[in-house]
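# Observations on the three-dimensional arrangement
Chain residues, written in single-letter form:
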Amino acid sequence: MSEDRTNPVSSQEELMRRLKAIGADLWGNLPDGGTPYSAAGTEEDEDTGTARNGESRNGNQAAGDKKQPETAKRESRAEAGLDRLWVTADETVEWTEALLWDTPRDGLTSQKKWSFYHRLAPRVLAGDTEAYAEVLTTLNPLGDLTEYVSGMVLRTPDQERVECAFECQEDDLRKRGRDYLGALSLRIARDLMAALPVSEVKVTGRMNQEEKVNVTFRREQLLKKKMAFLVPADFVEECGGRIQP
């Protein structure tokens, strides 16, 4: 969906400035204590795990991309996708192993991706929120969820917490209501906890400036849960969250 890049450290500062501008544009004045990121229209490079932008925030496709009508994009996603969206999640990054070993031990992770983990592991395990930012920017853990939202911003206010604010897709919200809000919120939390060793993830969803879901998932609340048997909207409320479709 965009140009290939290796996301060198030297370009990270400029990238973060651009992403901060996108986040501020979408959500206005954000609270202090973290930097906003955008996850709009991205995919992961198979070899390096580097996030690659495919669209600008307003939905215009990158130069050279083949135009795909929005209707075709929406039709390409099976309606049943939301029915199982929260059941699967990204593989957990084993940051302690990445700290100890400079080559992957699982036989599955590419060396380039593992080298990225190994380089960031000391800072991630120390709770460095700037390292968290680099992980989120590079791995783009929510990139495959962008078709379910109209916009999305991530923040890392402190070493124990990641926050995600998204703008709802109007059609999904109208058709699926609580099911949509619950499924997406739970999947977001699972993917962010898989990427970073945080204790909790706060998720808020809005539609036309009106809050539709607000929940903070704690890691221990998700442990040993049989996801296939959960009703996400009910689980959101069980975790102390609020849903107002």
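These figures come from a predicted structure and were not determined experimentally.

Let's shift gears to the overall build of the protein. The helix and strand inventory of the protein stands at ten helices and eight strands. Taking the intrachain contacts of the protein between residues at least 6 apart in sequence as the baseline, contacts between residues at least 24 apart amount to 63%. Summing over all exposed atoms, the protein offers an accessible surface of approximately 12,800 Å²; the carbon and sulfur share of this is 46%.

What follows is about the pattern of salt bridges. Opposite charge on two side chains permits pairing when their charged atoms draw close. Scanning the entire structure with this criterion turns up 17 salt bridges. Arg 119 is the salt-bridge partner of Glu 134, the closest N and O atoms lying 2.8 Å from each other. Pair noted here: Glu 134 is in helix α6 (residues 129-139) and Arg 119 is in helix α5 (residues 111-125), with a separation of 15 residues, a long-range link. Taking the relative accessible area as the measure of exposure, Glu 134 reaches 6% and is therefore buried. Where Asp 191 meets Arg 187, a salt bridge forms, and the shortest distance between an N and an O atom there is 2.9 Å. Here Arg 187 and Asp 191 lie together in helix α8 (residues 178-195), a separation of four residues that amounts to about one turn. Of the two residues, Asp 191 and Arg 187, both sit in the buried class. Residues joined by salt bridges that share partners form a network here, namely Arg 155, Arg 161, Glu 163, Glu 200, Arg 218 and Glu 220.

Take a negative patch on the surface next. On the surface, a cluster of negative charge is contributed by Asp 90, Glu 91, Glu 94, Glu 97 and Asp 106. Relative to the elements of secondary structure, Asp 106 occurs in the loop between α4 (95-100) and α5. Among the residues examined, Asp 106 registers a relative accessible area of 41% and is labelled partly exposed.

Turning to the packing of α5 against α6, a few remarks are in order. Packing of α5 against α6 brings their axes to within 9 Å, and their N-to-C directions diverge by 150°. What the angle tells us is that α5 and α6 run roughly antiparallel. The two elements α5 and α6 cross, and the hand of that crossing is left-handed. From α5, Phe 116, Tyr 117, Arg 119, Leu 120, Arg 123 and Val 124 reach across to α6, where they touch Glu 130, Ala 131, Tyr 132, Glu 134, Val 135, Thr 138 and Leu 139. For the contact of α5 with α6, the per-class residue count stands at eight nonpolar, one polar and four charged.

We now examine a nonpolar patch on the surface. Taken together, the side chains of Leu 99, Leu 100, Trp 101 and Leu 125 present a nonpolar region at the surface, about 380 Å² in accessible area. Looking at the element boundaries, Leu 125 is found in helix α5.

Our focus in this paragraph is the pairing of strand β4 (residues 149-158). Two faces make up the sheet, and in a regular strand the side chains alternate between them. Judged by how many residues are buried, β4 sits mostly within the fold: seven of ten residues are covered. Of the pairings in the sheet, the one linking β4 to strand β5 (residues 161-168) comprises seven bridges and is antiparallel in character. Across the sheet, Val 149 pairs through a bridge with Cys 168, a residue of β5.

This part takes up the confidence of the model for the protein. Taken over all residues, the pLDDT of the protein has a mean of 77, while the share at 70 or more is 67%. Across residues 1-35 the pLDDT falls below 50, and counting only partners more than four positions away or on other chains, this stretch makes 69 contacts in the model. Here residues 39-80 is a poorly scored stretch, pLDDT under 50, and it has 78 contacts once near neighbours within four places are set aside; other chains count.

What follows deals with the side chain of Thr 137. In this fold, Thr 137 is placed in helix α6. The class of Thr 137 is buried, set by a relative accessible area of 9%. Side-chain polar atoms of Thr 137 contact the backbone oxygen of Ala 133, separated by 2.8 Å.

On to unusual backbone geometry. Phi at Asn 140 is positive, roughly 50°, even though this residue is not glycine. One can find Asn 140 in the loop between α6 and β4. Relative accessible area serves as the criterion here: at 9%, Asn 140 is assigned to the buried category. Of note in the backbone geometry, Asn 208 takes a positive phi value of approximately 55° without being a glycine. With respect to the element layout, Asn 208 can be found in the loop between β6 (200-207) and β7 (210-218).

What counts as what
- Residues numbered from 1 in each chain as written.
- Predicted model: local features only at pLDDT ≥ 70, side-chain atom pairs only at ≥ 80, totals over all residues.
- Heavy atoms only, no water.
- Helix = DSSP H or I, 4+ residues; strand = E, 2+ residues; numbered from the N terminus.
- Contact = heavy atoms within 4.5 Å.
- Areas by Shrake-Rupley, 256 points an atom, 1.4 Å probe, with all protein chains shown as cover.
- Salt bridge = Lys/Arg side-chain N within 4 Å of Asp/Glu carboxyl O.
- Buried < 20%, exposed > 50% of the residue type's maximum accessible area, 1.4 Å probe, protein only.
- Patch = residues over 30% accessible without salt bridge, like charges linked within 9 Å, V, L, I, M, F, W, Y side chains within 5 Å.
- Lys, Arg positive; Asp, Glu negative; His and termini not counted.
- Charge placed at Lys NZ, Arg CZ, Asp CG, Glu CD.
- Axes fitted to C-alpha atoms, helices over the stretch in contact; angles between N-to-C directions.
- Parallel < 35°, antiparallel > 145°, perpendicular 65-115°, else oblique.
- Left-handed = near helix turned anticlockwise from the far one by under 90°.
- Nonpolar A, V, L, I, M, F, W, Y, C, P; charged D, E, K, R; others polar.
- Pairing = 2+ DSSP bridges.
- pLDDT = per-residue confidence, 0-100.
- Polar contact = N/O pair within 3.5 Å; in protein donor to acceptor, adjacent residues only side chain to side chain.

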